[in-house]
Amino acid sequence: MVKPSKQIIRPYGDRRDDGVVQISFTLPVPLSEKAKEAAAVFTKKMGFSDVKVAAAERAADNYTFFIVYARSGMYLDYAEIDVPEVIVKKMSFDDLNAFIKEKVGRRIVVFGACTGTDTHTVGIDAILNMKGYAGDYGLERYPGFEAFNLGSQVPNEDLIKKALAKNADAILVSQVVTQRDVHKDNSRHFIDAAKAAGIHGKVQLLLGGPRVDHKLALELGFDAGFGPGTKPSDVANYIVHALLKKEGKEPKDAHYQGEPA
Amino acid sequence: MVKPSKQIIRPYGDRRDDGVVQISFTLPVPLSEKAKEAAAVFTKKMGFSDVKVAAAERAADNYTFFIVYARSGMYLDYAEIDVPEVIVKKMSFDDLNAFIKEKVGRRIVVFGACTGTDTHTVGIDAILNMKGYAGDYGLERYPGFEAFNLGSQVPNEDLIKKALAKNADAILVSQVVTQRDVHKDNSRHFIDAAKAAGIHGKVQLLLGGPRVDHKLALELGFDAGFGPGTKPSDVANYIVHALLKKEGKEPKDAHYQGEPA
Amino acid sequence: MPGPFIDDAQIAHARTLAEEIVNPIFDLIRRNTTVSIERTVLRFFGISGAGARGVPLANLMVDKLKAAGVLNRGAAYWYGRALHLGAKSPLEAVERLTALPTDKLGPLSPEVEQNLRAEVRAEARSALEDMKSRLAARDALRQQFPMSPAPHKYVIVATGNIYDDVDQARAAAQAGADVIAVIRSTAQSLLDYVPHGATTEGYGGTYATQENFRIMREALDEESIKLKRYIQLTNYSSGLCMSEIAFCAAYEKLDMLLNDAMYGILFRDINMRRTFIDQYFSRRICALAGIIINTGEDNYITTADAYDAAHTVIASQFINECFAKRAGLKDWQLGIGHSYEIDPYRDDTLLLELSQAMLVRRCFPDAPLKYMPPTKHKETDIFFSHAYDVMADLVAIWTKQGIQLLGMMTEAMHTPLLADRFVALKSANYIHRAARGIDEEFTVREDGKIANRARDVFGQAMKLLQECRDEGMVAAIGKGHFGDVKREETGGKGLDGVMEKAPDYFNPFLEILEAT
Amino acid sequence: MPGPFIDDAQIAHARTLAEEIVNPIFDLIRRNTTVSIERTVLRFFGISGAGARGVPLANLMVDKLKAAGVLNRGAAYWYGRALHLGAKSPLEAVERLTALPTDKLGPLSPEVEQNLRAEVRAEARSALEDMKSRLAARDALRQQFPMSPAPHKYVIVATGNIYDDVDQARAAAQAGADVIAVIRSTAQSLLDYVPHGATTEGYGGTYATQENFRIMREALDEESIKLKRYIQLTNYSSGLCMSEIAFCAAYEKLDMLLNDAMYGILFRDINMRRTFIDQYFSRRICALAGIIINTGEDNYITTADAYDAAHTVIASQFINECFAKRAGLKDWQLGIGHSYEIDPYRDDTLLLELSQAMLVRRCFPDAPLKYMPPTKHKETDIFFSHAYDVMADLVAIWTKQGIQLLGMMTEAMHTPLLADRFVALKSANYIHRAARGIDEEFTVREDGKIANRARDVFGQAMKLLQECRDEGMVAAIGKGHFGDVKREETGGKGLDGVMEKAPDYFNPFLEILEAT
Ligand code: B12
Ligand code: B12
Ligand SMILES: Cc1ncc(COP(=O)(O)O)c(C=O)c1O
Ligand SMILES: Cc1ncc(COP(=O)(O)O)c(C=O)c1O
């Protein structure tokens, strides 16, 4: 592949490449002229120029909230940005079911849950339940899938055990609470448990949630990651192709893109 | 004066010193996963860590608006922040008038205008007109002052000429339009004209406006600068004391602070 | 002004249905007690310490009695027995009791029994008097520094560390908050004990402990005095320790509690018998302590669709009101929960939200109500999110909400930053100032979208109430009528903590609370 | 629905007063012409070029005629004379004319005069036909791609550089804007000529030039087609070149113009005679061109207090309406200006703003109205500023504004960034979607704060109208009744550009425009 040529970009405020950025932060000092100057100095220290401390608001006796507009001298070569992306869905509901029937020849078994202490089931329900999400059917509705949704606050070990018992093809883990990176800790714990159970690298392991992306999921040891706005059909398509690749029925480097007609 | 000891501060988001900063900017690229990654890379380039690209919104076909939360590693020694500040008002309306009568012994003449092409008179009117601002009387109402408000879009030279003709003690220049630093250009032009007229350093030159502060005014060659929220009484008190200093009736380093009773 | 929309007779009928729905559950409540209730009894007697590895003494004692199969006579009874064994202090009583061999737990002579009960009753009375005097101090402070007018602006703190929470709560109070909610660490609902002492490590919230309550209330008392404006404190009394937390909250002079069995059943998979029983005792405590309860119907429409499931909120509110009234709570204590949660990409959402909020006001004219801001459809675009909250501020003042949770512009990302609360408070103040009295300015047309929608939702709610009455509440929950979540009567956590009361079951607190 | 508040008879009476106020000014208008009107006449004939240092040819020619003391016969007449001198093109006519020695400017024979006028009239007619066919193209595009429903969301671009403006305008259209206003460079009002060609250096805005209009309209035509939604374009026709800009705008197929003599008088110190006369001709052009005018009453309450001076807005609107109607404008062309500008730290501002906007709606039921967002009390706290704008969005949809300027969260700092418009559009879309139809849902109580305030403001406006009628408009302006700014009849800029028409004054465009 030919390397694309340089494409330098900067933030656009009022004019191309003016580099204007809006910033807000709170400093633990009472509102005063001195505090405003501190905000300006701080913003300059962060590397910005043309610093305008637009607002300094008394957020509390000893806290001042600042809104600053400034210019960043930084730029970026957009051509160099490289994002690992999950295969985009290719087939419609009916086509995919037919495809599964033909190529896989059996129902694909998936298990999903919101694990750890997390009880936010809306996301995993959106992927698995009949109803689905934003008009896109969930995996339970696909004849080609057999989907088990264990719900919320499921211990990682339980999910793995139950999935193993049914010979699952894929396990779907949802993580919504992210404070102090609890989702990462819990995800690592899941992967450790998967390794202990000997399924890592065998069963497809999918991670999803509002602060998840494919890159993060890979880093944590999952096979794929899905973020906000994921549709069930994205997941369904991904699982089918990943399975076919694993079973050697599709080349490892096959890449699918585009929406169904 | 003893140098105050160190007082290191950082932004406060959810916990002391967590350094959390909110940032927003627009990049001239269509919304995509790649654009999101670019926003993250860009934020990291600006020196932030723990970068969360919270929102990526399609602002137009080829523009994406990003909202990012991240941590800045920067800190600041608050004890080292030094702000030149205009003397804060000390006397009430009546006290100040009595003080002028006693110490100055005549009415202080001031001229004000919004100069250049600027027509934003609300600010200078707030300082000069009877009515004043936020319940604080304007200079026209002070028996101790004789105030002339020339209004808007006044050429700098005209203002100086008219002020000279009445032997003004102070000239007040208001600048509200700041796009592409037109206020600075016009202010510099005013100072050049003042120098040419031989009044620089003699007549008090005051600059005011929403993007003016004392520091900027000093840099531009004015004697003092007044920003958003200035009250007429701030200006009145400042002028009186500056005049007394100039006339040798008050020590040069006198410093006044506090609100009137 | 919220129109009439609905006939008074219809609303009265809804209340009758709720009575009928609740009746069988009250049979259950009367017949049973739970480990949580019994632990609460012990806490009332001053058993608030913890043993090795932080296990509360009340838990040690109740577990022991339960293991011995005698808890069904009531912890108070055993507490009395322990005193009779010569214990000089509650702590010693625990020790004596936990040291007793099981065969020493047989009955005493009727006379001794009676004396014992009388003594324990007297002690219970004095424990309640002690609590009342603590509450009187709170009420005096409230009187001295009146609260700002409703809607009371309610914001959460959730750092995980009580000391950071204190910093943030003070800052919020200074920025204009009226109520501070300390959010609990995730899954505390599922703990069958109340953690002990000051805590500094929680996720998505800070553990609810008696000591944390005390620390926070103390800080807020200081702020109230400084600001000359009483700042309320609230926490969560749901999950497996409803009544214990209600006790801790009352003792530490909290002002409000999120208190709702349905929340635990649906969203925490707590066993329904367990939590209905616990709820009753916890509400009795709230009634005594002048604590306002907040119910959790707003949660239903985070899992179900707010438009489609609007009637489930109304139906549940009638049921919840009935539960509350029967536990002795007064109208002013009913922070009945609802929220602004219809997908903002639909048409007419302001009309629909007004309709729903007006309907709730119409049904519960004397309750303060607790109004939740948008959460589920919040976007990470903080500017849009803020605009969306502003409309909830408007509906709140329009429909005279007593307690208004302020929406946070960062709702879709993280628990609020210090500045987020400031931003929300500043805007809410503006909207309240700008629109106060708007309800008096307009008459809702009885044939408009708002009125028709209100009637439609109410009609659906009546059908659901009828179904609950005919088939029972358990069946309705089993069908997923509330929050789209299905639960079984014997499923969920904590059923093993429920036991049938012995004929001589003894609980002097319940007696006294029910008598007042 | 806006209540009646005010009797129909009262409103009719306000219109009568406005007529009487405007009558003497129309005498003035009929008797005089201005350099700007005469330059416009030449532009109609196709004299749109510029000479050395960018001075427009129309200016060169009119200055020459004025210096020669013969402009009072009308530039059209001299244009005819130049053609008679053998000029083959407008440009040549200019050259011939400016080359003429003053003594060659005497009268011709009556017959020649008459022929000349007939010829020029014919040419004028064909110039107008040409313009009409250009406008027909615009109208066809509008029909093909219908606009989104009102309120039309109006945003400004103001980079100073027309090419940057185009980028931003396209982006705004893509984000949902319905109207793009290109803000003029500061103080263009004071230029006694229209700058020439595409410009890239302005302050606080971009110069209004015919070429800039063309460039922007072309870009917006492209976007309209792409988005299948016609995007309107607007600019400023006020200051010393009102009628010339109206011509340029009509020729370049603009859709709207800020057009208001009062703005120039009060805020730019333009001489009142000059600008009232210019305004008339400019509005005649707008009437022909189907251009919606926007009036500037909203500006009054940036210098005067919005609460105290609310009635001055109403009074001025009646006067402005009368000026407009007499210039042939139809109701649908009257973007009568008002705004959401009451200090947000006051109580009841939503009620007061609703009252004012409902009153304007009540008085001008068939006009689209132009609604300005908060500007003066905007804060640099962008979050608060955004919340504040959201309430203006609500009032706009509630009171069925035709044209709504969107508030920008950075109003108190700088002309809008690209993202600011996006943020404003997204929220306005939400509010419009959420609240459309709310006016049909509620009846305003006739005895409430809203109704009482509306009656009070209207009453004060009637008093002011009476005073203007009794003492004259000039005296009222002299007393600072509008915008707290005082102006004298013979003060301000541009009076020397006014001259009494000669008895044989000739302006075929005025004739034709007045006849249609
Ligand atoms: C609804 C909700 C609740 C409901 C949950 C009901 C339920 N059964 O799910 C209730 C009211 C019970 C609740 C409670 C709490 N919540 Co909550 N809640 C939310 C809320 C409002 C919406 C979440 C949601 O439903 N989003 C919609 C779904 C469809 O989006 P999604 O989860 O991102 O899922 C999509 C993708 O991410 C992806 N996906 C998700 N998972 C997976 C998995 C796989 C395998 C795949 C392929 C894809 C995938 O596909 C989905 C469809 O596109 C958010 C705020 C917000 N607006 O985001 C807070 C929020 C998530 N909650 C929060 C908190 C802290 C709590 C509590 C812990 C608070 C407390 N201490 O009491 C409690 C306890 C819950 C717990 N321990 O988990 C915080 C989390 C903060 C953080 N970042 O850590 C949030 C962000 C609110 C806040 N700002 O503070 N909550
Ligand atoms: C009112 C207003 C107008 C009115 C002005 C009427 C009038 N006669 O003043 C009208 C409608 C006419 C107007 C027109 C324009 N405006 Co204007 N306008 C404003 C607005 C809404 C409020 C300004 C105001 O009155 N503030 C209140 C006063 C009290 O505050 P202040 O000026 O800061 O004054 C205080 C202090 O700064 C200080 N002070 C000020 N001067 C001085 C002087 C001295 C000596 C001292 C001691 C103190 C002092 O004391 C005052 C009291 O505390 C602002 C937006 C905003 N909210 O800020 C835009 C704004 C200033 N306008 C703007 C623009 C671009 C224009 C136009 C140029 C647009 C155009 N091209 O058509 C025109 C033309 C005007 C011109 N050439 O100057 C921009 C400026 C952008 C920039 N930063 O450069 C703003 C910021 C709006 C925006 N976001 O785009 N405007
Ligand atoms: C009634 C009620 N209880 C408790 C909670 C808190 O959840 P938990 O303590 O289960 O994490 C909520 C959350 O909104 C609630 O509404
Ligand atoms: C009617 C009218 N004309 C013109 C302007 C623009 O001002 P100027 O072109 O004088 O800078 C405005 C500003 O709001 C206005 O309302």
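Predicted model, so just to flag it, every value in this text is computed and none were measured.

**Student:** Can you lay out the coordination of the cobalt atom of ligand 1 for me, pointing to particular residues and giving the numbers?
**Tutor:** Each pair of donors in an ideal octahedron of six around a metal sits at 90 or 180 degrees, and each pair in an ideal tetrahedron of four sits at 109.5 degrees. A lone protein donor binds the cobalt atom of ligand 1: A:His120 (NE2), at 2.1 Å. The residue A:His120 is located in the loop between β6 (108-114) and α3 (122-128) in this model.

**Student:** Can you break down the relation of the copies chain C and chain D residue by residue, with the values?
**Tutor:** Taken together, a rotation about one axis and a shift along it account for how the two chain copies relate. With an RMSD of 0.1 Å, the fit of chain C onto chain D corresponds to turning through 180 degrees and sliding 0.0 Å along the axis. Here the copies are linked by what is in effect a two-fold axis. Mapped onto chain D, 98% of the interface residues of chain C are again interface residues, and the two copies thus contact each other with one and the same surface.

**Student:** Before we move on, can you summarise the sheet that holds strand β4 (residues 63-72) of chain A with the specific residues and values?
**Tutor:** Taken in spatial order, the six strands of this open sheet run β3(A)-β4(A)-β2(A)-β2(B)-β4(B)-β3(B), and their pairing is antiparallel. In this open sheet, the two edge strands, each paired with only one partner strand, are β3 (48-60) of chain A together with β3 (48-60) of chain B. Within this sheet the neighbouring strands show an average axis-to-axis angle of 15 degrees, counted without direction. Two elements, strand β2 (residues 20-27) of chain A and strand β2 (residues 20-27) of chain B, share three bridges in a ladder whose sense is antiparallel. By the bridge assignment, A:Ser24 is partnered in β2(B) with B:Gln22. Where helix α1 (residues 33-45) of chain A meets the sheet, it contacts β2, β3 and β4 of chain A together with β4 (63-72) of chain B, and its direction lies at approximately 140 degrees from that of β3(A).

**Student:** Can you explain the site of ligand 1? Please cite residues and give values.
**Tutor:** Around ligand 1, 46 residues are found, and the nearest of them are A:His120, C:Arg184, C:Thr186, C:Thr375 and C:Glu411. Residues near ligand 1 are shared among chains A and C, making this a multi-chain site. Interatomic distance of 3.4 Å between a backbone N/O atom of A:Gly209 and an oxygen atom of ligand 1. The contact in question runs from a nitrogen atom of ligand 1 to an N or O atom on the backbone of C:Gly204, over 3.2 Å.

**Student:** Mind laying out the side chain of D:Arg229, listing which residues take part and the relevant values?
**Tutor:** All names here are of chain D. Positionally, Arg229 belongs in the loop between α8 (210-227) and β4 (232-236). Exposure remark for Arg229: the relative accessible area of 17% places this residue in the buried category. In this view, Arg229 contacts Phe145, Pro146, Ser148, Ala173, Gly176, Ala177, Asp178 and Ser224; residues no more than four positions away in its chain are not counted.

**Student:** An account of the site of ligand 2 is needed here, citing residue identities and associated values.
**Tutor:** Neighbouring ligand 2 are 46 residues, the closest being B:His120, D:Arg184, D:Thr186, D:Thr375 and D:Glu411. At the site occupied by ligand 2, the surrounding residues belong to chains B and D. With respect to ligand 2, the side chain of B:Thr178 contributes an N or O atom lying 2.6 Å from a nitrogen atom. Secondary structure elements with two or more residues in the shell around ligand 2: α3 (122-128), β8 (170-174) and β9 (204-208) of chain B together with α10 (261-267) and α12 (300-303) of chain D.

**Student:** Describe in detail the interface of chain C and chain D, supporting the description with residues and values.
**Tutor:** You'll often see interface size given as the accessible area lost when the parts meet. Contact residues are listed per partner, giving 47 residues for chain C and 46 residues for chain D. Carbon and sulfur atoms make up 63% of the surface buried where chain C meets chain D, a total of about 3,800 Å² over both sides. At the junction of chain C with chain D, the criterion picks out six salt bridges. C:Glu379 is the partner of D:Lys426 in a salt bridge, and the nearest nitrogen-oxygen pair spans 2.6 Å. Here chain C and chain D share 25 residue pairs in polar contact (both at pLDDT 80 or more) between them. Residue assignment for the side of chain C that touches chain D shows that the elements contributing at least two residues are α14 (349-363), α15 (382-398), α16 (418-435), α17 (438-441), β11 (442-444) and α18 (449-471) of chain C. Among the elements that take part in the side of chain C that touches chain D, α15(C) stands out by supplying 10 residues, more than any other. In terms of residue class, the side of chain C that touches chain D is made up of 29 nonpolar, six polar and 12 charged. Across three bridges, the pairing between β11(C) and strand β11 (residues 442-444) of chain D is antiparallel.

**Student:** Give me the lowdown on the sheet that holds strand β7 (residues 334-335) of chain D, citing residues and values where you can.
**Tutor:** Residue and element names in this part refer to chain D. On the basis of which strands lie adjacent, the open sheet formed by nine strands has the order β7-β6-β5-β4-β3-β2-β10-β9-β8 and parallel pairing. Looking at strand neighbours, the two that pair on one side only are β7 and β8 (337-339), the edges of this open sheet. In terms of strand pairing, β8 meets strand β9 (residues 370-372) through three bridges, oriented parallel. Across the sheet, His338 pairs through a bridge with Tyr371, a residue of β9.

**Student:** I'd love a proper account of helix α15 (residues 382-398) of chain D, names of residues and values included.
**Tutor:** Residue and element names in this part refer to chain D. The end-to-end C-alpha separation of α15 is 24 Å, in line with the 24 Å expected for 17 residues at 1.5 Å each. The buried fraction of α15 is high, at 17 of 17 residues. Between a side-chain oxygen at the N-terminus of α15 and the backbone nitrogen of Phe383 the separation is 3.1 Å; the capping residue is Asp381.

**Student:** Outline unusual backbone geometry, listing residues and values.
**Tutor:** The omega torsion across C:Ala150 and C:Pro151 is -5 degrees, close enough to zero to call that bond cis. Within the element layout of this structure, C:Pro151 appears in the loop between α6 (110-144) and β2 (152-157). Phi angles above zero are rare outside glycine, and A:Ala134 is one such case at about 50 degrees. By the element assignment, A:Ala134 lies in the loop between α3 and β7 (145-149). On the basis of relative accessible area, A:Ala134 is assigned to the exposed category, the value being 64%. In this structure, C:Lys400 takes a positive phi of about 50 degrees despite not being glycine. Locating C:Lys400 in the fold gives a position in the loop between α15 and β10 (403-405).

**Student:** Talk me through the pattern of salt bridges; I want residue IDs and the actual numbers.
**Tutor:** Pairs may arise between side chains of opposite charge once their charged atoms sit close together. For the coordinates displayed, the defined rule picks out 119 salt bridges over all chains. B:Asp50 is the partner of B:Arg71 in a salt bridge, and the nearest nitrogen-oxygen pair spans 2.8 Å. A residue pair is termed long-range when its members are at least 10 positions apart, and B:Arg71 in strand β4 and B:Asp50 in strand β3 qualify at 21 residues. For B:Asp50, a relative accessible area of 41% puts it in the partly exposed group. In this structure, D:Lys449 and D:Asp348 form a salt bridge, with 3.1 Å as the shortest nitrogen-oxygen distance. Of the two residues, D:Lys449 is situated in helix α18 (residues 449-471) and D:Asp348 in the loop between β8 and α14 (349-363); the sequence distance between them amounts to 101 residues. Given the relative accessible area of 46%, D:Lys449 is considered partly exposed.

Rules of the game
- Residues numbered from 1 in each chain as written.
- Chains lettered and ligands numbered in written order.
- Predicted model: local features only at pLDDT ≥ 70, side-chain atom pairs only at ≥ 80, totals over all residues.
- Heavy atoms only, no water.
- Donors = N, O, S within 2.8 Å, 3.2 Å for Na, K, Ca; no water.
- Helix = DSSP H or I, 4+ residues; strand = E, 2+ residues; numbered from the N terminus.
- Least-squares fit on C-alpha atoms with pLDDT ≥ 70 in both.
- Contact = heavy atoms within 4.5 Å.
- Pairing = 2+ DSSP bridges.
- Axes fitted to C-alpha atoms, helices over the stretch in contact; angles between N-to-C directions.
- Near = heavy atom within 4 Å.
- Polar contact = N/O pair within 3.5 Å; in protein donor to acceptor, adjacent residues only side chain to side chain.
- Buried < 20%, exposed > 50% of the residue type's maximum accessible area, 1.4 Å probe, protein only.
- Buried area = accessible area lost by both parts, 1.4 Å probe.
- Salt bridge = Lys/Arg side-chain N within 4 Å of Asp/Glu carboxyl O.
- Nonpolar A, V, L, I, M, F, W, Y, C, P; charged D, E, K, R; others polar.
- Expected span 1.5 Å × (residues − 1).

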